[in-house]
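# Overview (structure and organization)
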Amino acid sequence: MNTNRLSARMQEALIKQMTKEAHASQIFLSYGCWADVKGYGGIANFLYRHAQEERNHMIKFMRYILDRGGEARVEAIPAPPENPQNLTDAFNKVFEHEVDNTTAIYDIVNLSFEEKDWATWNFMQWFVKEQIEEEKLALELIDKLKIAGGDSASDESLFTLDKALEAAPDDVSLPQEATAENPS
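Quantities reported herein were computed from a predicted structural model and do not represent experimental measurements. (Residues numbered from 1 in each chain as written. Predicted model: local features only at pLDDT ≥ 70, side-chain atom pairs only at ≥ 80, totals over all residues. Heavy atoms only, no water.)

On to helix H2 (residues 41-67), then. Taking 1.5 Å per residue, 27 residues should reach 39 Å; H2 reaches 39 Å between its end C-alpha atoms and fits that length. Gly69, located one to two residues past H2, shows a positive phi value of around 85°. (Helix = DSSP H or I, 4+ residues; strand = E, 2+ residues; numbered from the N terminus. Expected span 1.5 Å × (residues − 1).)

Here the focus is the UniProt feature "binding site: Fe cation" (unreviewed entry) in the chain. When the UniProt feature table is mapped to this numbering, "binding site: Fe cation" (unreviewed entry) covers Glu21, Glu54, His57, Glu98 and Gln131. The annotated residues occupy 111 residues of the chain but converge on a single region, no pair of C-alpha atoms lying more than 13.1 Å apart. Here His57 is to be found in helix H2. Residue classification places His57 among the buried positions, given a relative accessible area of 3%. For His57, the residues in contact, after removing those within four places along its chain, are Glu21, Trp126, Phe127, Glu130 and Glu134. Residue position: Glu98 is located in helix H3 (residues 87-114). Beyond its immediate sequence surroundings of up to four residues, Glu98 is in contact with Phe28, His50, Glu54, Gln131, Glu134 and Glu135. (UniProt positions renumbered as here; feature names shortened; annotations may be inferred. Buried < 20%, exposed > 50% of the residue type's maximum accessible area, 1.4 Å probe, protein only. Contact = heavy atoms within 4.5 Å.)

This part covers the nonpolar core. Core analysis: the biggest nonpolar cluster contains 27 residues, and Ala35, Ile43, Leu47, Leu87, Phe91, Val94 and Leu165 have the highest contact counts within it. Secondary-structure elements contributing two or more residues to this core are helix H1 (8-37), H2, H3, helix H4 (118-148) and helix H5 (155-167). Excluding residues within four positions of it along the chain, Phe91 makes contact with Ile43, Leu141, Ile142, Leu145, Leu161 and Leu165. One finds Ile15, Met58, Phe61 and Phe123 within the second-largest nonpolar core, a separate group that totals 18 residues. (Core = buried A, V, L, I, M, F, W, Y, C linked by side-chain atoms within 4.5 Å.)

Before going further, it helps to examine the environment of Leu137. Mapped onto the secondary structure, Leu137 falls in helix H4. Under the relative-accessibility criterion, Leu137 is labelled partly exposed at 27%. Each C-alpha atom, one on Leu137 and one on Tyr31, is 16 Å from the other, the two residues being 106 residues apart in sequence. When residues no more than four places from it in sequence are discounted, the contact partners of Leu137 are Phe46 and His50.

Attention now moves to the UniProt feature "domain: Ferritin-like diiron" (unreviewed entry) in the chain. UniProt's entry tags residues 4-149 with the feature "domain: Ferritin-like diiron" (unreviewed entry), counted in the numbering of this structure. Secondary structure within residues 4-149 divides into 79% helix and 0% strand; the distance between the first and last C-alpha atoms comes to 53 Å.

In this section: the packing of aromatic side chains. One pass over the full model with this rule turns up 6 aromatic pairs. An angle of 10° between the planes, with centres 4.0 Å apart, marks the rings of Tyr64 and Phe123 as stacked. Of this pair, Tyr64 sits in helix H2 while Phe123 is found in helix H4, placing the two residues 59 residues apart along the sequence. Each of the two residues, Tyr64 as well as Phe123, counts as buried. Aromatic side chains Trp126 and Phe127 sit 4.8 Å apart centroid to centroid with 80° between the ring planes, which places their arrangement in the edge-to-face category. The residue whose ring lies beneath Lys60 is Trp126, and the NZ or CZ to ring-centre distance is 4.3 Å. (Phe/Tyr/Trp six-rings, centres within 6.5 Å; stacked < 30°, edge-to-face > 60°. Lys NZ or Arg CZ within 6 Å of the ring centre and 35° of its normal.)

Next up, the structure:
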């Protein structure tokens, strides 16, 4: 008896999104490393935490596929893009990435509606809401940098921005607090 409650097309769409979330995690991890090298420890830590959040999204998709009787597959991801040129470029790329991810989420919502897969439609509503928050967060990064002076911001303004992002509340624990026993 087939116990997979996902259509083949839906399962593939969910696996593709799972892979997209893994790629997003690597992108934010890469940007975090770039920020760390540039001396923006707070921004780096913010991006590291965001990388972990994206990984958690990947796991959420994986669990859903498995919970619906499907076969989750871990696929290779492309290398992250080149490092940003500056903070404006970094924050703009974060926003662009989130908009692209929103489009991909909407594609799955549309497919679930088309297939009358109400369980997946319901599952995807969490991600629809999450993407509203993600895009808002990315826009706030861009706005904060503009207020600080953009590419010509003073060292003091950038220091303040760096500290503000380091202290920003986040549901994901700091990377330096992770252990083998408690990786989250």
